[in-house]
Amino acid sequence: MKAIELEKAYNPQDFEDRLYERWEKEGYFKPSSDESSPVHNENCSCKKSDTYTVVIPPPNVTGVLHMGHGLNNTLQDIEIRYHRMKGDNTLWVPGTDHAGIATQNVVERRLKKEGLRRQDLGRDKFLERTWDVKKEHHAIITKQQRKLGNSVDWSRERFTMDEGLSKAVRNVFVTLYERDLIYKGNYLVNWCPSCGTALADDEVEHEDTPGAMYHMFYEFADGSGKIEIATTRPETLFGDTAVAVHPEDPRYKDIIGKKVKLALTDKEIPIIADTYVDREFGTGMVKITPAHDPNDWEVGKRHDLPIINILNPDGSLNENVPEKYRGMSCKEAREVVLEDLKAAGLFKEEEKITHPVGHCYRCHTVVEPYLSEQWFVRMRPLADKALKAWKDGEIVFYPKKWENTYTHWMENIRDWCISRQLWWGHRIPVWYCQDCGEMIVSREDPSCCPKCGAKADRLKQDPDVLDTWFSSWLWPFSTLGWPENTKDLQTFYPTTALVTAYDIIFFWVSRMIMAGLEFTGKAPFHDIYIHGLVRDRQGRKMSKSLGNGMDPLELIQEYGSDAVKYTLGFMCAQGQDVLVDKDSFKLGSRFANKIWNASRYLLGNLEGRNLIPVRKADLTELDKWIYARLDNAVRTARSALEGYRFNDGAQALYEFFWTEFCDWYVEATKLSFRNGDDAEKDRAASVLLNILEESLRLLHPYLPFVTEEIYQKLPLSEIAESRKAAGKEAVCTSIYTGMLIAAPYPEIDDGRADSLVTARFDALQELIRSVRALRAECGIGPEVKLNTKVIITKGSNAEVCKEKTDIIKLLAGVGSLDFVDEKPHSAIGAVGNGFETFIIVDSSINVDALKARFEKALKNENDFIEKTKAKLSGKFAQNAPAEVVAQFREKQAEAERRVEKLSSYLQNL
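Residues numbered from 1 in each chain as written. Predicted model: local features only at pLDDT ≥ 70, side-chain atom pairs only at ≥ 80, totals over all residues. Heavy atoms only, no water.

(A) Layout of the overall build of the protein. A count of helices and strands for the protein gives 28 helices and 29 strands. In terms of its C-alpha atoms, the protein occupies a principal-axis envelope of roughly 110 × 80 × 55 Å. Here the protein holds 909 residues, and 55% of them are scored as buried. Relative to all contacts within the protein whose residues are 6 or more apart in sequence, the contacts with residues 24 or more apart total 77%. Of the charged side chains in the protein, 122 are positive and 139 negative, and the gap between their average positions amounts to 2 Å. (Helix = DSSP H or I, 4+ residues; strand = E, 2+ residues; numbered from the N terminus. Buried < 20%, exposed > 50% of the residue type's maximum accessible area, 1.4 Å probe, protein only. Contact = heavy atoms within 4.5 Å. Lys, Arg positive; Asp, Glu negative; His and termini not counted. Charge placed at Lys NZ, Arg CZ, Asp CG, Glu CD.)

Written out as structure tokens, the structure reads:
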């Protein structure tokens, strides 16, 4: 054979784009059931058990992908590539979300820079601008996803406002309306004055905010005195329609039913009794403002109180307040109201507090409780089905702790406000006849009024749009063609897994489950893997203000896609956030480099070698050991990926390829090339090449580009022919000559698992590590060949060392190795499992320098012990946390053990 040359330096920019274009162009991202797939199986049964489907959480078309997207896409790609190689009929559906309020905000900010408002353009022109923004960001996002290496089926890409999904949205709205699960009414909603729209409860972010509790007086209408109440919102007093006390509060029994003057107005309001009031809080009296507080809204409904809205849509005070305050913002009105209360002698005091205040999740404006006519979904019937699906095992959370969050939200669900006062989004499919007032709810645009026959130009569509999540809750089945019974829907629904972050379990995950059960009768997926958030090393959320954000594309440019993907997988432990900085990605870069350099070494040494069949009978004990370790890595990786334990899989690959294969096996095989005849060299090269081929298949899901580039350089036809020639006796029977992306993933092979060989090599490795540790302890350089003596316990696994002296000499840097029965003189030793090993201090070692080294180390350890003892005997031990004290005690014990060891070294010298 000829040597196979790889470039000297690993440079992912040389091949990542080229490989991705080839994968995509040749159809490798398509499911095997597609006729256009290069691995199309004519006999594909398309059974659900053979299908693995994931729909990507659609990124918003408002910006670019951040590290959270990088993590989310990476984890999905690892799973998709693994299942594709397993032979599953695998589909990963890509797409983007129109992100109603977020995208509209982007466009309005651009207009503001031009001195314009959306109203200046009109709805149609504004939507044209918004579609332009969508196209612009969509192009950026898809470019980023390709750079990440996402093996999605681009031919099935969807958008939440494309024609098919728009049809699905209309169908769902009308169906829910027909089932009496959608209704319209005046209710108290969360209102964002800046965005000018209602928000659902889960779109409000509550933050602890400095504020004040203002104590003020309301006078009895009959002049008999006054009462004290406290509020954080004195400006809302104009919407008060009662004062409430607890019916069992003895302090106020005699005043229930009396009236008080509403401060700063000429109105009178009653004192009512309601169990909502907390008798222990403040004065036990609460002002009731039904139009501007959700709890007061419920009290108002119980007592049939008037509901007075005092706000305009922009958050300013409206015509329902005295003229003086009209047009003021809430903040401005608060200051004026407090001044006027003081002037009227109705203000008592201000008490500084910190309290939770709701903010819009998009623009961060303070949210106002606001009385408005909106559309709602009745969620209780849907939530009950979703809870039952979890109890019946139709859905499984990874990790399981998220089940508690899911059930809590489902059990305490409230109706969902789905209408938004925006222009960008799915227009609500409701029309109002201008002639007869008829309301028409329809899947298609009506041509006339069904009641009076008025023509279409007399029908006015509801101006509002639907909440963004109203389209994305249909994502798993609408993307596959629902409401049509398409072939994709039949083949790939229900999908297999959902991979998403924990911050949208209620926004998206639970709603998708409810929608899937309601409209298809099935949960939309079985596995729900909830990963953490990407944070900086200090555990802080990445943000522009902190300057700690990272651009995935910049990281890919510097380190390569594989480095980013592998690092994120390696650091993603179930149930934990991923803490990274830029330097973290050197881990993946070093591993990709190792794979490249090891492959380059092996392929570059094929010159003059003949590739021969590798049969089980031809394996040395060293070969059997590496195959046992390969089988262990395959078992661990398969188990990890089946259970979404990405870090366990990544660590298993690292340990096998870098440590066991490269550091031990490849190094040990140098003996075959150094001392063996041509037949042995051919055999050793053939085994190495076979293991490399299988290792690349094992590594591919985590490092797809570098493994594919190397795989295409392998003499795949020759490997296949040699395996055919070995027949049933072949160590590996897989015969494949195509692209690695579609190659079979390594199988678990019980015939490779050899506990005796593994135990023997564990002992051999322990002895070599002991010699290396002694060398480091003594500060002896690698150029010095050690004079070593070893005592072996009879019958122990360490007896293998007597058979593998060449390996010990090579890997431990030993010049002379003798097996003895007694401890030698002038030696420094270490004890292991079944052996004692000693470095003989002879003329090759400077004894005086070694003594000085040990004496210095001994002094340092004793000094540390004295300082630690003093610290632990003082106030530190009494005041410090128990775990910190325990750490110091352990450090002291460790230093004492080292003193004992150093003392024995000096005594032996």
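(B) The arrangement of the nonpolar core in detail. Among the nonpolar cores identified, the biggest contains 140 residues, and Phe-657 and Phe-661 are the most heavily contacted of them. Per-element tally for this core: the top contributor is helix 19 (residues 646–675), with 13 residues. Excluding anything up to four places from it in sequence, Phe-661 contacts Leu-602, Ile-626, Phe-656, Val-666, Leu-688 and Ile-691. Of all hydrophobic cores here, the second largest spans 71 residues; its members include Ile-101, Leu-165, Cys-360 and Trp-402. (Core = buried A, V, L, I, M, F, W, Y, C linked by side-chain atoms within 4.5 Å.)

(C) Spatial organisation of the side chain of His-98. Within the element layout of this structure, His-98 appears in the loop between strand 3 (95–96) and helix 3 (100–113). Residue classification places His-98 among the buried positions, given a relative accessible area of 0%. Among the polar contacts listed, one links the side chain of His-98 to the side chain of Thr-160, at a separation of 2.7 Å. Contact partners of His-98, with chain neighbours within four places excluded, come to Val-61, Thr-103, Phe-159, Thr-160, Met-161, Trp-424, Gly-425, His-426, Thr-468 and Ser-471. (Polar contact = N/O pair within 3.5 Å; in protein donor to acceptor, adjacent residues only side chain to side chain.)

(D) Spatial organisation of the environment of Ser-904. Along the chain, Ser-904 turns up in helix 28 (residues 882–908). With 611 residues separating them in the primary sequence, Ser-904 and Asp-293 have C-alpha atoms 77 Å apart.

(E) Structural context of the side chain of Ser-722. Along the polypeptide, Ser-722 turns up in helix 22 (residues 716–726). Polar side-chain contacts of Ser-722 include one of 2.8 Å to the backbone oxygen of Ile-719.

(F) Region of interest: the sheet that holds strand 20 (residues 459–461). The three strands lie next to each other as 19-18-20, forming an open sheet whose pairing is antiparallel. The two strands at the open ends of the sheet, each matched to only one other strand, are strand 19 (439–441) and strand 20. Going across the sheet, the axis of each strand differs from the next one's by a mean of 30°, ignoring polarity. Helix 6 (residues 163–178) rests against strand 18 (430–433), strand 19 and strand 20 of the sheet, and its axis sits at about 120° to strand 19. (Pairing = 2+ DSSP bridges. Axes fitted to C-alpha atoms, helices over the stretch in contact; angles between N-to-C directions.)

(G) Layout of the packing of helix 16 (residues 561–571) against helix 21 (residues 704–711). Interaxial distance between helix 16 and helix 21 falls to 7 Å at its minimum, and their mutual angle equals 125°. When the axes of helix 16 and helix 21 are compared, the pair comes out oblique. In contact with Ser-561, Asp-562 and Lys-565 of helix 16, helix 21 contributes Pro-704, Phe-705 and Val-706. Among the residues making up the contact of helix 16 with helix 21, the classes are represented as three nonpolar, one polar and two charged. (Parallel < 35°, antiparallel > 145°, perpendicular 65-115°, else oblique. Nonpolar A, V, L, I, M, F, W, Y, C, P; charged D, E, K, R; others polar.)

(H) Up close: the pairing of strand 28 (residues 827–832). The sheet contact formed by strand 28 and strand 29 (residues 835–840) spans six bridges and is antiparallel. The residue of strand 29 that forms the bridge with Gly-829 is Phe-838. Here strand 28 hands over to strand 29 after two residues, with Gly-834 in that stretch at a positive phi of 90°.

(I) Just the packing of aromatic side chains, in detail. Going through the model one piece at a time under the given rule, you end up with 45 aromatic pairs. With a centroid separation of 5.8 Å and 75° between ring planes, the pair formed by Tyr-183 and Tyr-187 is classed as edge-to-face. On the numbers, 4.8 Å between centres and 45° between planes, the contact of Tyr-566 with Phe-591 is tilted. Within this pair, whereas Tyr-566 is found in helix 16, its partner Phe-591 is found in helix 17 (residues 586–604), the two being separated by 25 residues in sequence. Of the two residues examined, Tyr-566 and Phe-591, each falls in the buried class. Taken together, the aromatic side chains of Tyr-566, Phe-570, Phe-591, Tyr-654, Phe-656, Phe-657, Trp-658, Phe-661, Tyr-665 and Tyr-702 make up a single cluster linked through ring pairs. Between Arg-146 and the ring centre of Trp-154, over which it is positioned, the NZ or CZ distance is 4.2 Å. The residue whose ring lies beneath Lys-226 is Phe-217, and the NZ or CZ to ring-centre distance is 4.2 Å. (Phe/Tyr/Trp six-rings, centres within 6.5 Å; stacked < 30°, edge-to-face > 60°. Lys NZ or Arg CZ within 6 Å of the ring centre and 35° of its normal.)

(J) Fine view of unusual backbone geometry. Residue Trp-482 is joined to Pro-483 through a cis peptide bond whose omega torsion reads 15°. With respect to the helices and strands, Pro-483 occurs in the loop between helix 12 (475–478) and helix 13 (487–492). A positive phi angle, close to 60°, is found at Asp-180, a residue other than glycine. Structurally, Asp-180 can be placed in the loop between helix 6 and strand 5 (182–192). Judged by its relative accessible area of 48%, Asp-180 falls in the partly exposed class. Of note in this structure, His-364 is not a glycine but carries a positive phi near 70°. Examined against the element boundaries, His-364 turns out to sit in the loop between strand 13 (347–360) and strand 14 (368–377).

(K) Structural context of helix 23 (residues 755–778). The end-to-end C-alpha distance of helix 23, which contains 24 residues, comes to 35 Å, matching closely the 34 Å that a straight helix rising 1.5 Å per residue would cover. Among the residues of helix 23, the N-terminal cap falls to Asp-754, whose side-chain oxygen and the backbone nitrogen of Leu-756 are separated by 3.3 Å. Phi for Gly-779, located one or two positions after helix 23, is positive at around 70°. (Expected span 1.5 Å × (residues − 1).)

(L) The arrangement of the sheet that holds strand 28 in detail. Ordered in space as 27-26-29-28, the four strands form an open sheet in which the pairing is mixed. Of all strands in the sheet, those with a lone pairing partner are strand 27 (814–819) and strand 28, marking the two edges. The sheet shows a mean angle of 20° between the axes of neighbouring strands, direction not considered. Judged from the five bridges that link them, strand 26 (residues 786–792) and strand 29 form a sheet pairing that is antiparallel. When the bridges of strand 29 are listed, Ile-791 appears paired with Glu-836. Lying over the sheet, helix 25 (residues 805–812) contacts strand 26 and strand 27, oriented at roughly 140° with respect to strand 27.

(M) Structural context of the pattern of salt bridges. Counted under the stated rule, the structure contains 71 salt bridges. Residues joined in a network through salt bridges with shared partners are Lys-30, Asp-34, Asp-153, Arg-156 and Asp-488. (Salt bridge = Lys/Arg side-chain N within 4 Å of Asp/Glu carboxyl O.)

(N) Region of interest: the pairing of strand 8 (residues 226–231). For strand 7 (residues 204–219) and strand 8, the ladder comprises six bridges, and the chain directions are antiparallel. Counterpart to Met-216 in the pairing with strand 8 is Ile-229. Turn length for the strand 7-strand 8 hairpin, with the two strands adjacent in sequence and antiparallel, is six residues, and the turn residue Gly-223 shows positive phi of about 80°.

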